[in-house]
Each structure stands twice: as structure tokens, then as C-alpha cells.
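Structural characterization, general
Now for the letters of each chain:
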Amino acid sequence: MPDTDPAIRVERLHRTFGGGRRRRETVALDHIDLTIPAGEVHGLLGPNGAGKTTLCKILSTVLLPTGGTATVDGHDVVRETAAVRRSVGIVFGGERGLYTRLTARANLEFWAALYGLRGRGLSQRVDALLERFGLTDRAHERVEGFSRGMKQRLHLARGLVGDPRVVLLDEPTTGMDPVAAHDFRDLVRELRAEGRTVLLTTHDMAEAEAVCDRVSLVDGGRILATERPATLGTWISRYASVEARDVPPSTVDELRALPGVRAVHHVPPDRIRVETGAEDAAPAVLRLLVDAGVGDVSTALPSLADVYLHVIGDRGMRVNK
Amino acid sequence: MSALAGFRFQLRELPHRPDHLLALVTAPLMTLVFLAITRHAGRADLAGHAVLAPALIALWQMALLVAGELVAAERENGSLEALVATPSSFAAVIIGRVAAVTLVSLLGFVEAWLAAWAVFGVVVTVAHPVVFAATVLVSALAMAGTAGLMSAVFVLTRSARTFQNSLSYPFYVLGGVIVPVSLLPDWLAAPSRAVFLSWSSDLLRDAVDASTVEGVLPRLGAIAGLGFLGLCAGLLALRRAVDRLRRTGTLGHA
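Residues numbered from 1 in each chain as written. Chains lettered and ligands numbered in written order. Predicted model: local features only at pLDDT ≥ 70, side-chain atom pairs only at ≥ 80, totals over all residues. Heavy atoms only, no water.

As named in an unreviewed UniProt entry, chain B is ABC-2 type transporter transmembrane domain-containing protein, taken from Virgisporangium aliadipatigenens. In the Subcellular location (unreviewed entry) part of its UniProt record, chain B is described as follows: "Membrane". (UniProt positions renumbered as here; feature names shortened; annotations may be inferred.)

An unreviewed UniProt entry lists chain A under the name ABC transporter, with Virgisporangium aliadipatigenens given as the organism. Recorded in UniProt for chain A, the comment headed Sequence similarities (unreviewed entry) runs: "Belongs to the ABC transporter superfamily." Quoted verbatim from the Subcellular location (unreviewed entry) field of the UniProt record, the comment on chain A reads "Cell membrane".

Put into C-alpha cells, the structure is as follows:
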């Protein structure tokens, strides 16, 4: 990781909503600290309502914090909004936010103009982005006829139209098909290779693991842990579960005795689910089941909630560098 | 440059939004109604009034219903946050877009004149074309400033639609659009003079009429001054509106 000034620095950042006479106050961000070096791809992983989008909005200056400070590229998001806006490109997830009655090119030309591009420079940037996102052939079609995935690609192109040094991607793969999601991972790697800093919010552990240099787990407005993706991979394999049908009782007993097996549950009418809690436990369970002649076996990766419950719960609030 | 970007964008988008051009559909129809009334009453001398009124109504309607809704429409479209997040001045972009809507709404003048000629064979001559052109230009600028203010107010108003609807006819009256302000009760004269449209409609009617137009510059100054006040208030209100939405976290609420 390059040893330079941080691209994003967040200190004691706090944001609440509501809190008037009629509404209960909701804490969206609870005094969080986060430092992201320039050139890093950083994942924010957490369930809905964790505070991921709130952080992206504050960093992109469209939301004011209630307290604390945040800087992007060295500029304060409250006091130096113009400088921050020149440095940041943001992509919000979902289909909304495009001018659907205009063509893809017209959309990008408008946004490019808002980033100060004119004339030939504007045309070249728009052409390059249309090409990069595979939209050249559809550039002159109205966006309302685009598929969800194409709209999302156009969103990504829009986010890069200002040639930002810091790219905020808020659930950008929402609605993408698997092929497009795969292409998206390549894009994030390209952004990293170009020296841009990327903050990516996602629900998807596998996606975070595939593209991020570090990942922060967020929940309830707090950053619970910041880890390298290799650690995520460990969590995923450690907390995998195995399901099987028609397992003999003796084999169930053997499974229970295996190191790393946390529990074996009966799933009526004829299945069992084996929950593991150690890195090598799932392969050992699979071997034992196959050796016992059990043919109907499947594995499942842990949900984010499982990881929170089992990993974060164990680790407390420690943040790893 | 932000205003220019907004201006160009709006000119590009408007042809794809027939719903935004409704005022231009109704303008020639209203011209026919007003002309039929004046002709039936034997007042051919009021033909100028009959063609000016629909044009001014189109100008006001598009400012109110299209330009005034720009910010709220961006919010509904989910693009307001991304717009605010660009380095461009948001207020300047909106004013540029409002100016484009106002420019297009001036087609109402052409339509009204053509409808009068095509259906009734009435050619309304403009006796003082320079005064007329200057008044149209300054009125359009004033309208753009006023519409900017409306767009900021509407995005902060929960019942913007009701508010919009209620602003149509009172302003046709106060603006002397159909009936000259001088024909209204005295107590309405003072508030009507705070509405730039009342100065515009009087001056336009005088420019069409053959008699000498008096006090052109002060009257143009009144339109420009009131329009400038509207523009300043609009820019300030837009800035305040965005700041408020950023503070409350409702910029992205549809």
C-alpha cells in the first residue's frame, strides 16, 4: 500500500436523523474513525441501515455531519466542499438518477459539463467512458430502453466523468447480473491500477474479498472491525455450514466429535445441518460424510449476520490495521 | 459556465417532455377564445390584448409549472444528490435551466400571433417594435429570476402542487395579464405593482398600440428591478434550500 497522505480521513464522525418533538432520534453514524490511504480499495461491509450510505453521502458533501470531521484528499467536507467535489466521484446504487428520456451520450455530456469539461475534451472523455463501459453502440439510444445492468454501467460512467481521485461506490452492483458483476470487479481493479482511491459499500462478502485491500465491517453506525480480505476469507470458510440428507446416526455422532464442529442440527424431515467454527472444519465434515456414503451434501457460506454473531461478537471492537 | 451547461441541457430535454410544453398547446387555443370574445363585442381595437394575454399566460405557466418544479423533479428523479455533488454551482445550473424554459415559453408569442392571423385573419401590428422586443427580453429575464425563486420554494414545500395551482390565477389578475391593472379596483393596484408582470403586460400593450409610449425606461427599469430582486432571492433561496436539505438529510428523498 502506498505510504502517502490519506485520501480519506474520518475522525469521530457522527450523524443523527430526526430527534424533533415528534420523531425519535436515529444514530446513523456513531463517532466513527477511519483512515483510507491514497490508492487503497476499501470495502464497507454491512447490512441495510448500518451507516454505509450515510458515510458515502457525507464524504461526497451531499449530507452534513452532526459532529466530527471528515476530509477527502485533504479537504474538509463541510468547509471546503468545492475542493472535495472536484476530487470525488460518486455512484449511488439502483436505477434512479439518470435522465431516461435522453440518450446515454446526452446524459454523460451534461455531467461532463458540470465537471467543467468543454468542447473536444468533453467529447473525448464521454467517448472514452462509453467505450470503457461497453455502451458505445447504444450511446444514441434513450436510457429508458436500457436494461438495469446497462443503467448501472451508465451510473458508473457518470461517477468517473470528472476523472476523480476518490471514487465512492455505494452498492454499485445492485441489480447487476453475474457477468456484469464480474466485469465490475475488473473495473475496480483498473481504478486501483490508475491510482484512484475507492470506497466501496456492499452487502456481498465475496465481492469485498475479491476487490478490496481492506474491509471495514459496519453495523449500527459503528465500524466494528477493519481487516484485510484474507481474514474475510478465513471467516467465510470458518463459518461455513454443511447440509446433508439421510445421514446415519453413528455418522452424526462422529460429526459432533469432529474438531471445529460447533453444532449439528436436525432439519426435518431427514436432513442435518452441521455448523463449523474452524477453518479446516468444513472440508473435514465433507470428507467424513462422503466416506460414510452420504450422497446428498451441500455447503453454504455464512451470512453477514452469522459473521457478526460469531466473529465480531468474539472480537469486540478492535480495529486491525 | 454552470448556467450554460444547465441551459443547454434543458433545451435538449424539453423536446422529449411533451407534458412540459402543454402551455404552448393551449396558447393558440386561448388566443382564439379571447379574439372571438373581443370580435363578438365589436372591439377590434382589443385584438392586441387578446393575443398578448395567452402569450403572457404561457410565459407564466411554464415558469410556474416547469421551471418552478425543476429542483423537486431532480429530487424525484434521484439525481439531485449527484447534481449537488458536482463542482458546479447548483444555483447557477438551475438558473440556466430556468432560462432555457423561459426562452422556449416565448414561442407563445409567435403562436398567439400566428393563431390570430391563421384563423381570424387578424394581423396584430406592433407599433413600437423596439419597445416591444426590449420588454419581452427584460420580462423573460425577470421571469427566469422569479422561477428560480419558485423552484427553491417548491422543493421545501410539502404541498407544492397545491401551492403551484394557487399561484396561477391570482398572478394573472395581479399581473394584468388579461385585464389591465388600471381596470381593477384601486386596492389591487398597489400589490399588482410589486408583480413585474403587471409592468410587462402594460408596456407590451402600449408597444402594440399606435399611440406614443411614455416612460419606457423607468417601466423597463421596474421590470428589470423586480426581476433582479426575484433572481437574487432565487439564488439565495436555492442555496438555503440545498443547505437545509443537506442538513436534514432529505436531499435524496423522493
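Comments concerning the overall build of chain B
Within chain B, the secondary structure is distributed over 13 helices and zero strands. Over its C-alpha atoms chain B spans a radius of gyration of 19 Å, differing by no more than 12% from the 18 Å that the globule rule assigns to 254 residues. When contacts within chain B are restricted to residue pairs at least 6 apart in sequence, those whose partners lie at least 24 apart make up 77%. Carbon and sulfur atoms make up 68% of the accessible area of chain B, which totals about 11100 Å². (Helix = DSSP H or I, 4+ residues; strand = E, 2+ residues; numbered from the N terminus. Rg over C-alpha atoms; globule rule 2.2 N^0.38 Å. Contact = heavy atoms within 4.5 Å. Areas by Shrake-Rupley, 256 points an atom, 1.4 Å probe, with all protein chains shown as cover.)

Comments concerning the state of the cysteines
Residue and element names in this part refer to chain A. If you walk through the whole model with that rule in mind, you get zero disulfides over all chains. Unpaired in this structure, Cys56 has its nearest cysteine sulfur neighbour in Cys212, at a distance of 12 Å. Cys56 gets classed as buried once you look at its relative accessible area, which sits at 0%. (Disulfide = S-S within 2.5 Å. Buried < 20%, exposed > 50% of the residue type's maximum accessible area, 1.4 Å probe, protein only.)

Thoughts on the pairing of strand β6 (residues 88–92) of chain A
Residues and elements named next belong to chain A. Counted residue by residue, β6 has five buried out of five residues, so it is predominantly covered. In β6, alternate side chains face the same way, and those of Val88, Ile90 and Phe92 on one face and Gly89 and Val91 on the other are all buried. Pairing analysis gives five bridges linking β6 to strand β7 (residues 166–170), with the strands arranged parallel. Each bridged residue has a counterpart across the sheet, and for Val88 the counterpart in β7 is Val166. (Pairing = 2+ DSSP bridges.)

Concerning the environment of Arg238 of chain A
Residue and element names in this part refer to chain A. For Arg238, the position within the fold is in helix α8 (residues 229–238). In sequence terms Arg238 and Ala7 are 231 residues apart; their C-alpha atoms lie 33 Å from each other. Leave out the neighbours within four places in its chain, and Arg238 touches Thr276, Gly277, Ala278 and Glu279.

Some remarks on the packing of aromatic side chains
This structure, assessed with the given rule, holds nine aromatic pairs over all chains. Residues Phe110 of chain A and Trp111 of chain A carry aromatic rings whose centres are separated by 5.6 Å and whose planes lie at 55 degrees to one another, so their mutual orientation is tilted. Under the relative-accessibility criterion, Phe110 of chain A is labelled buried at 4%. Ring-pair connections join several aromatic residues into one group, and the members of that group are Tyr99, Phe110 and Trp111 of chain A together with Phe9 of chain B. It is Arg15 of chain A that lies over the ring of Phe17 of chain A; its NZ or CZ is 4.4 Å from the centre. One cation-aromatic arrangement involves Arg158 of chain A over Trp111 of chain A; the distance from NZ or CZ to the ring centre is 5.0 Å. (Phe/Tyr/Trp six-rings, centres within 6.5 Å; stacked < 30°, edge-to-face > 60°. Lys NZ or Arg CZ within 6 Å of the ring centre and 35° of its normal.)

What to know about the side chain of Arg15 of chain A
With respect to the secondary-structure elements, Arg15 of chain A resides in strand β1 (residues 6–17). It turns out Arg15 of chain A is buried and unbridged, and the closest side chain with the opposite charge, Glu25 of chain A, is 9.0 Å from it. From its side chain, Arg15 of chain A meets the backbone oxygen of Leu64 of chain A in a polar contact 2.5 Å long. Of the polar contacts made by the side chain of Arg15 of chain A, one reaches the backbone oxygen of Arg247 of chain B; its length is 2.7 Å. (Lys, Arg positive; Asp, Glu negative; His and termini not counted. Salt bridge = Lys/Arg side-chain N within 4 Å of Asp/Glu carboxyl O. Polar contact = N/O pair within 3.5 Å; in protein donor to acceptor, adjacent residues only side chain to side chain.)

As for the interface of chain A and chain B
Taken residue by residue, the interface counts 30 residues in chain A and 35 residues in chain B. Summed over both sides, the interface between chain A and chain B buries roughly 2800 Å², with carbon and sulfur atoms accounting for 58% of that surface. One can count two salt bridges joining chain A with chain B. In this structure, Glu81 of chain B and Lys57 of chain A form a salt bridge, with 3.0 Å as the shortest nitrogen-oxygen distance. Connecting chain A to chain B are 14 residue pairs in polar contact (both at pLDDT 80 or more). Secondary structure elements with two or more residues in the side of chain A that touches chain B: β1, α2 (81–87), β6 and α3 (104–114) of chain A. No other element matches the six residues that α3 of chain A contributes to the side of chain A that touches chain B. Class assignment of the residues belonging to the side of chain A that touches chain B gives a composition of 16 nonpolar, four polar and ten charged. (Buried area = accessible area lost by both parts, 1.4 Å probe. Nonpolar A, V, L, I, M, F, W, Y, C, P; charged D, E, K, R; others polar.)

A look at unusual backbone geometry
Most peptide bonds take the trans form, and the phi angle of most residues other than glycine is negative. Residues and elements named next belong to chain A. Here the residue pair Pro268 and Pro269 is connected by a cis peptide bond, since its omega of 5 degrees sits within 30 degrees of zero. The topology assignment puts Pro269 in the loop between β12 (261–267) and β13 (271–276). Here Asp163, not a glycine, exhibits a phi torsion of approximately 50 degrees, which is positive. Here Asp163 lies in the loop between α5 (148–160) and β7. Exposure remark for Asp163: the relative accessible area of 41% places this residue in the partly exposed category. Residues other than glycine seldom take positive phi values, yet Asp246 does so here, at roughly 55 degrees. Asp246 sits in the exposed class, given a relative accessible area of 53%.

Here we look at the sheet that holds strand β3 (residues 41–45) of chain A
Residue and element names in this part refer to chain A. Strand order in the open sheet made by the six strands is β6-β7-β8-β3-β9-β10, with mixed pairing throughout. The open sheet is flanked by β6 and β10 (222–227), the only strands paired with a single partner. Across the sheet, the mean angle from the axis of one strand to that of its neighbour is 15 degrees, orientation sign disregarded. In this structure, β3 lies alongside strand β9 (residues 214–219), joined through four bridges in parallel fashion. Bridging across to β9, Leu44 finds its partner in Ser216. Lying over the sheet, α5 contacts β6 and β7, oriented at roughly 165 degrees with respect to β6. Strands β3, β7 and β8 (197–202) of the sheet are contacted by helix α6 (residues 178–193), whose axis makes an angle of about 160 degrees with β7. (Axes fitted to C-alpha atoms, helices over the stretch in contact; angles between N-to-C directions.)

A short note on the pairing of strand β4 (residues 67–72) of chain A
Residue and element names in this part refer to chain A. In the sheet, β1 pairs with β4 via five bridges, with the strands oriented antiparallel. Paired with Arg9 across the strands is Thr71, a residue of β4. When β4 meets strand β5 (residues 75–76), the two strands line up antiparallel, connected through two bridges. Following the sheet pairing, Thr71 is matched in β5 by Asp76.

Describing the sheet that holds strand β14 (residues 297–300) of chain A
All names here are of chain A. With antiparallel pairing, four strands are arranged side by side in an open sheet as β12-β13-β11-β14. Bordering the open sheet on either side are β12 and β14, each of which pairs with just one other strand. Across this sheet, the average inter-strand angle for adjacent strands is 20 degrees, counted without regard to direction. Bridge count for β12 against β13 is six bridges, and the pairing is antiparallel. Note that in β13 the partner of His266 across the bridge is Ile272.

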